[in-house]
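Structural features, examined
Listed below, chain by chain, are the residues.
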Amino acid sequence: MAESAEIILDGKSYSFPVIEGTEHEKAIDIAKLRDQTGYITIDSGYKNTGATKSAITFLDGEEGILRYRGYPIEQLAEQSSFLEVAYLLIYGTLPTQAELDEFSNQITKHTLVHEDVRKIFDGFPSAAHPMAILSSLICALTAFYPESVSPDLSKENIDLNVIRLMAKLPTIAAWTYKNNMGHPLNYPRNDLDYAANFLYMMFSFPTEKYEINPVVVRAINKLLILHADHEQNCSTSTVRLVGSANASLYGSVSAGINALWGPLHGGANQEVVEMLEAIQRDGGDTSKFIAKAKDKNDPFRLMGFGHRVYKNFDPRAKIIKKAADEVLTALGISDPLLKIAQELEQAALTDPYFVERKLYPNVDFYSGIIYKAIGIPTEMFTVMFALGRLPGWIAQWKEMRENKEPIGRPRQVYTGELDRDYTPIEQR
Ligand code: MLT
């Protein structure tokens, strides 16, 4: 007998089907709730509401499990590359060598952006935040590839837009940095792989050859892999909602970039380093700031701790912390911020105040320290998050389209004024 949920409203009993996922998560299917009862549900922030069924990413917040298409994030971070993981997320299977070579070669072929994009760049003030430029230029790709707006895209056309987006985001991201610094833009090099090419475009100078460090390339791959998808987070839900209106992939991802920019979402990694730098400027006494974080009358809060879905630890943070140690050691960098971070982490993992509130380091806590060690400025941290999250956004947008999901249009409970007549301005 299939499981169902019984709801009793106004003395009448209603039954709704229960669905169960492959990992035995269960949900009450309320698709017919309003038609049958006149009631809707309400769940601010959707903390208990599933927006879709998805086969892309599974996470278990209680057990600290994160898998992309069934593969544990720990194995992918150690053994895979970002482009291989991107292929896995977007197409659902690990590629053969031939498939990966074709995917990588296609991306390499499309890394250039139209020269008219540079004219748009020139219109931004040099102090513009890179995320503002990134979301604008990704949406602008719709102007350069107008066929991408069609809701009846062929598989070939969707695949071409996927390749273009995967190829051009690193170029545009590196250009936002160069534009910010007032430096000459670097054009992509077809002889370099994805991460090395990005580093080259970011840090090469006409007057100074940038030596690509394999430790840094490995770290970038690992960081991008760890950020590649995270089921229905805020920015991914934004991409799916915008895409559900048959908006183009570029327009949907541009909306996701703006959601990710929010300091409560992808902007948190920038907030973490700014917090560590503030503690350092104040003399580095972490116990003072731990006391401030515990004082409910003090506005100071620890950034990079706790998570909406992970209840005990963020599996990504464990991997990134190890990578931070490796990168700083390999580069011979002794960053005082890392010491401050480790002291804060130690407090969060031992002090009952933080343990009871499940405030442990999340994915944003250590990523900024690695980016900083590589030479990536704080304002570019969320751009790095977007670079990593791109294949996840693409995969989720594609899944939503392939499953022909309806346009997203949530309901509400109205709490405003009751019916009343208009009054002419002279009578107000
Ligand atoms: C993410 O990876 O998107 C963040 O951890 C936020 C989330 O999943 O809600």
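Cut-offs used in this document
Counting restarts for each chain: residues are numbered from 1 in the order of the written sequence. Given that this is a predicted model, residues contribute local features only at a pLDDT of at least 70 and side-chain atom pairs are listed and counted only at 80 or more, while totals for whole chains, interfaces and linings are drawn from all residues. Think of the side-chain values as coming from all heavy atoms in the structure, minus any hydrogens and water. Each salt bridge in this description consists of a side-chain nitrogen of Lys or Arg and a carboxyl oxygen of Asp or Glu lying within 4 Å of one another. A run of H or I in DSSP becomes a helix once it reaches four residues, and a run of E becomes a strand once it reaches two; helices and strands are each numbered from the N terminus. Think of it in three bands: residues with accessible area under 20% of the maximum for their type are buried, residues over 50% are exposed, and the middle band is partly exposed, with areas taken using a 1.4 Å probe on protein chains only. Here a residue is near a molecule or strand as soon as one of its heavy atoms is found within 4 Å of it. In protein, a polar contact means a hydrogen-donor-capable atom and an acceptor-capable atom, both N or O and within 3.5 Å, with residues adjacent in sequence counting only if both atoms are side-chain atoms; elsewhere, any N or O pair within 3.5 Å suffices. Calculation of accessible area relied on Shrake-Rupley with a 1.4 Å probe; when residues are assessed, cover is drawn exclusively from the protein chains displayed. Ten residues, namely Ala, Val, Leu, Ile, Met, Phe, Trp, Tyr, Cys and Pro, are considered nonpolar, four, namely Asp, Glu, Lys and Arg, are considered charged, and the remaining ones, Gly among them, are considered polar. As annotated, the domain borders come from an automatic or database domain assignment. Whether two residues touch is decided by their heavy atoms; if any such pair falls within 4.5 Å, the residues are in contact. In this description, buried area is defined as the sum, over both parts, of the accessible area (probe of 1.4 Å) that is lost when the two are combined. In this description, a line fitted to the C-alpha atoms serves as the axis of each element, helices being fitted only across the stretch in contact, and the angle between N-to-C directions of two axes falls anywhere from 0 to 180 degrees.

Here the structure, examined in full by the defined rule, presents 20 salt bridges. As a salt-bridge pair, Lys294 and Asp351 come within 2.6 Å of each other at their nearest N and O atoms. With Lys294 in helix 13 (residues 286-294) and Asp351 in the loop between helix 15 (336-350) and helix 16 (352-356), this pair connects stretches of sequence that are 57 residues apart. Between Glu356 and Arg357 there is a salt bridge, with the nearest N and O atoms lying 3.9 Å from each other. What makes Glu356 exposed here is its relative accessible area of 59%. Using a relative accessible area of 43% as the deciding quantity, one classes Arg357 as partly exposed. One network of salt bridges, in which partners are shared, links Glu78, Lys222, Lys322 and Glu326.

Let us look at the site of the ligand. Taken together, His230, Asn233, His265, His307, Arg316, Phe385 and Arg389 make up the full set of residues near the ligand. With respect to the ligand, the side chain of Arg316 contributes an N or O atom lying 2.7 Å from an oxygen atom. Arg389 places a side-chain nitrogen or oxygen 2.8 Å from an oxygen atom of the ligand. Relative to its unbound accessible area of 260 Å², the ligand is 84% covered by the protein chains. Class assignment for the residues of the shell around the ligand results in 1 nonpolar, 4 polar and 2 charged.

With domains assigned, the chain is organised as domain 1 (4-50) and domain 2 (56-403). At the interface, 4 residues of domain 1 touch 4 residues of domain 2. The junction of domain 1 with domain 2 conceals about 330 Å² of combined surface from both sides, 48% of it contributed by carbon and sulfur atoms. The largest share of the area that domain 1 buries against domain 2 comes from Glu23, Glu25 and Lys47, three residues that together contribute 86% of it. The tally of links between domain 1 and domain 2 comes to 1 salt bridge. The shortest N-O distance in the salt bridge between Glu23 and Arg67 comes to 2.6 Å. Our count for the contact surface shared by domain 1 and domain 2 stands at 2 residue pairs in polar contact (both at pLDDT 80 or more). Taken together, the residues of the side of domain 1 that touches domain 2 sort by class into no nonpolar, 1 polar and 3 charged.

Let us now look at the environment of Pro125. When you line up the elements, Pro125 lands in the loop between helix 5 (115-122) and helix 6 (130-144). Classification of Pro125 by relative accessible area gives exposed; the value is 52%.

The backbone phi angle of His24 is positive, close to 65 degrees, even though this residue is not glycine. Within the element layout of this structure, His24 appears in the loop between strand 2 (12-20) and strand 3 (26-28). Take His24: its relative accessible area is 57%, and that puts it in the exposed class.

Here we take up the packing of helix 6 against helix 18 (residues 381-402). As a packed pair, helix 6 and helix 18 sit with axes 8 Å apart at the nearest point and diverge in direction by 35 degrees. Facing Pro130, Met131 and Leu134 of helix 6, the residues of helix 18 in contact are Thr382, Val383 and Ala386. Its residues assigned to classes, the contact of helix 6 with helix 18 shows 5 nonpolar, 1 polar and no charged.

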